[in-house]
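Listed below are the residues making up each chain.
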Amino acid sequence: MSSLRRDRFRELALDFLWRQWSALGVAGHARAVGHSILDPEALLLATTRLGLEPRLFDEVLDWLNVNGALINLQRLQNLAPRIGERSVINAVAAHLAKRTVHSKWKTLLRTATPASNLRPLFPEVPALGQPDELFARHGWLRGPLTLRRLSQPPDPHRASNLLIKLRGLFGMQARAEVMAYLLACESGHPREMATRLGYFPRTLQTTLNDMAGSGHVLARREGHEKRFWIRRDEWRFLMTWSPSGSQGTAEFPRWVDWAAFFAAIESLWRFLDRPDLDEAGPAVQAIELRACLDAMDPAFLRENIDVPPGATGAALVEAVVGRFCQLLL
């Protein structure tokens, strides 16, 4: 596998994480994100695998020290089997739980067990100084943690931070995600929304039925499914951001299934990082890449990845990796 291709993908993935975290209030100078709703839980989980670079990772810890209460821990646990490295999340939780204000993070540690082996948290950077005890307890070797305390709370008037705004209004529960989804997509049914939002279908069904009692979330039958919808014009007062692009009026940002997105990015990263493929021929690499694609979310692939018909060998690998790189620009 080409080291240039691997390094380029890694660079783009890190820059992508920086941009999203900067939009949420992490100290940095990244360019603006697109007109889509950010997902703090999916982003944090993705960072525990794709963002293991000292500066970014420690700035995220600094942000969590200020804004850890904005993370929905139940949803974080729901998404954890799909993306990220759980032992890194546990180490982060152990650090945050030292402060009384973040004591709820202890819930993530109930099933954690001490690690017997240590791996470098930042593979490309040697760990200097006394190893951090809490990270070592969860199997990761890193130097002492020093927070710069430069992070800010997320700006609720940015379109990308709509979910944060809604959590302020509706609390740390499924209602905030439901409203973000409906404002972006206008309608949905519980089974579809549960998959995209990281909740159980029963939870979404109960939540939507309760919200329909307000008269502002509406419901209608479509065959055997019950579809819920809203009149988005009734909620335009939430648009406290400027119009994007050439639009004359502000619009609600789009919903992105970031869990599926980051799971696909992680999967491709593992493919590119396989040492056994470095010396393999293009035909073998293409076969392994197709197996990698087959394991990704079909909806994500349909919406984002155009595999050229009949492409094989090096042409297939270049086309697919090139398309993923475009998604990260």
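Please refer to the structure higher up on the page.
What this report covers is the structure whose coordinates are included nearby. (Residues numbered from 1 in each chain as written. Predicted model: local features only at pLDDT ≥ 70, side-chain atom pairs only at ≥ 80, totals over all residues. Heavy atoms only, no water.)

1. Side note on empty space enclosed by the protein
This structure, assessed with the given rule, holds 1 cavity of 30 Å³ or more. There is about 30 Å³ of room inside the largest cavity. Around the largest cavity, the lining residues are Leu44, Thr47, Thr48, Phe57, Val60, Leu61, Leu64 and Val92. Put simply, the parts of the chain that give the lining of the largest cavity at least two residues each are helix 2 (40-50) and helix 3 (54-67). Of all the elements, helix 3 adds the most residues to the lining of the largest cavity, at 4 residues. Within the lining of the largest cavity, the residues separate by chemical class into 6 nonpolar, 2 polar and no charged. (1 Å grid on protein atoms, 1.4 Å probe; cavity = no way out; pocket = protein on both sides within 12 Å on 5 of 7 lines; lining within 4 Å. Points joined across faces, edges and corners; volume = space filled by probe spheres on them. Helix = DSSP H or I, 4+ residues; strand = E, 2+ residues; numbered from the N terminus. Nonpolar A, V, L, I, M, F, W, Y, C, P; charged D, E, K, R; others polar.)

2. Observations regarding the environment of Leu327
The residue Leu327 is located in helix 14 (residues 313-328) in this model. Residue classification places Leu327 among the buried residues on the basis of a relative accessible area of 15%. Separated by 66 residues in sequence, Leu327 and Phe261 place their C-alpha atoms 9.5 Å apart. Aside from chain neighbours lying at most four places away, what touches Leu327 is Phe16, Phe261, Phe300, Asn304 and Ile305. (Buried < 20%, exposed > 50% of the residue type's maximum accessible area, 1.4 Å probe, protein only. Contact = heavy atoms within 4.5 Å.)

3. Side note on the nonpolar core
Membership of the largest hydrophobic core comes to 76 residues, with the highest contact counts inside it found for Trp21, Trp105, Phe262, Phe300 and Phe324. Sort the elements by how many residues they give to this core and helix 11 (residues 258-272) lands first, with 11 residues. When residues no more than four places from it in sequence are discounted, the contact partners of Phe300 are Ala260, Phe261, Ala264, Ile305, Phe324 and Leu327. (Core = buried A, V, L, I, M, F, W, Y, C linked by side-chain atoms within 4.5 Å.)

4. A short note on the packing of aromatic side chains
On inspection of all chains with the given rule, the structure shows 14 aromatic pairs. Consider the rings of Phe16 and Phe261, whose centres lie 5.3 Å apart with planes at 20 degrees: the pair is stacked. One end of the pair, Phe16, is in helix 1 (residues 3-24); the other, Phe261, is in helix 11, and 245 residues separate them in sequence. Each of the two residues, Phe16 as well as Phe261, counts as buried. With a centroid separation of 6.2 Å and 75 degrees between ring planes, the pair formed by Phe16 and Phe262 is classed as edge-to-face. (Phe/Tyr/Trp six-rings, centres within 6.5 Å; stacked < 30°, edge-to-face > 60°.)

5. Focus: the packing of helix 2 against helix 11
At a minimum axis separation of 9 Å, helix 2 and helix 11 run at an interaxial angle of 10 degrees. What the angle tells us is that helix 2 and helix 11 run roughly parallel. Residues Ala42, Leu43, Leu45, Ala46, Arg49 and Leu50 of helix 2 form the contact with helix 11, whose participating residues are Trp258, Ala259, Phe262, Ile265, Glu266, Trp269 and Arg270. Counted by class, the contact of helix 2 with helix 11 contains 10 nonpolar, no polar and 3 charged residues. (Axes fitted to C-alpha atoms, helices over the stretch in contact; angles between N-to-C directions. Parallel < 35°, antiparallel > 145°, perpendicular 65-115°, else oblique.)

6. Some details on the pattern of salt bridges
One pass over the full model with this rule turns up 23 salt bridges. The salt bridge partner of Arg19 is Asp15, with a shortest N-O separation of 2.7 Å. Highlighted residues: Arg19 and Asp15, both in helix 1, separated by 4 residues, approximately one helical turn. Here Arg19 falls in the buried class, since its relative accessible area comes to 5%. Look at Asp15 and you get partly exposed, because its relative accessible area is 31%. Of the charged contacts, one joins Glu266 and Arg270 as a salt bridge, the two residues approaching to 3.8 Å between their closest N and O atoms. Here Glu266 and its partner Arg270 are both found in helix 11, 4 residues apart, which amounts to about one turn of the helix. For Glu266, a relative accessible area of 2% puts it in the buried group. (Salt bridge = Lys/Arg side-chain N within 4 Å of Asp/Glu carboxyl O.)

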